[in-house]
Amino acid sequence: MSHLHHLLIKYPFSCLMIVVIWILCLIPMPENPLSHVRLVDKWTHLIMYGGLCVVIWAEHLKTHHHVDRKKIWLPALLAPILMGGLVEIVQATCTNGARSGEWIDFLADVIGVALGQAIGILLARCFSKG
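Residues numbered from 1 in each chain as written. Predicted model: local features only at pLDDT ≥ 70, side-chain atom pairs only at ≥ 80, totals over all residues. Heavy atoms only, no water.

Asker: If you had to explain the overall build of the chain to someone new, which residues and values would you point to?
Answerer: Looking only at helices and strands, one finds five helices and zero strands in the chain. Overall, the chain is about 50 × 35 × 25 Å in size when its C-alpha atoms are taken along their principal axes. Counting across all 130 residues of the chain, residues that qualify as buried make up 32%. For the chain, the exposed area adds up to about 8,400 Å²; of that, 74% sits on carbon and sulfur atoms. (Helix = DSSP H or I, 4+ residues; strand = E, 2+ residues; numbered from the N terminus. Buried < 20%, exposed > 50% of the residue type's maximum accessible area, 1.4 Å probe, protein only. Areas by Shrake-Rupley, 256 points an atom, 1.4 Å probe, with all protein chains shown as cover.)

Right under this line is the structure:
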């Protein structure tokens, strides 16, 4: 329990984004004006996961004097990719057809994570304290 408390204190916006992403990925999506935009779902995945990585990097930089690349690797790179894969599996198997798990959505997640990593590394180079 203390590890979860530690994460909530040091990474509150990242934790909030994770919850929001899970909710958005599991609720049925109603028809809306953006539904007809080509690949809007893929762009949404890219932005959600890229944004999550940038927020993780920003919170890490805020709470650490220097960037420990070994410490940031798991939460900013591996965890969002694993979460994206898990979300797609849950969508495919646990939403009774309300949502569908798609490999191309997972690919959009991974591309978003890669872009978020690049932005995070640039942030670290610009704003690292040590």
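Having seen the structure, we can now continue with the description.
Asker: Tell me what's going on with the nonpolar core, and back it up with residues and numbers.
Answerer: I21, Y49, I56, W57, V67, I72 and M83 are the most contacted members of the largest nonpolar core, which has 17 residues in total. Elements represented by at least two residues in this core include exactly helix 2 (12–26), helix 3 (40–63), helix 4 (69–94) and helix 5 (103–127). At seven residues, helix 3 tops the list of elements feeding residues into this core. (Core = buried A, V, L, I, M, F, W, Y, C linked by side-chain atoms within 4.5 Å.)

Asker: Account for the pattern of salt bridges, naming residues and giving values.
Answerer: The full count for this structure, using the stated rule, is three salt bridges. Where E102 meets K42, a salt bridge forms, and the shortest distance between an N and an O atom there is 2.9 Å. Residue E102 is found in the loop between helix 4 and helix 5, and its partner K42 is found in helix 3; the two are separated by 60 residues along the sequence. Looking at E102, the relative accessible area reads 29%, which means it is partly exposed. Across the pair K42 and D105 runs a salt bridge whose closest N-O atoms are separated by 2.7 Å. Of the two residues, K42 sits in helix 3 while D105 sits in helix 5, which places them 63 residues apart along the sequence. The class of K42 is buried, set by a relative accessible area of 19%. Put simply, D41, K42, E102 and D105 are held in one network by salt bridges that share partners. (Salt bridge = Lys/Arg side-chain N within 4 Å of Asp/Glu carboxyl O.)

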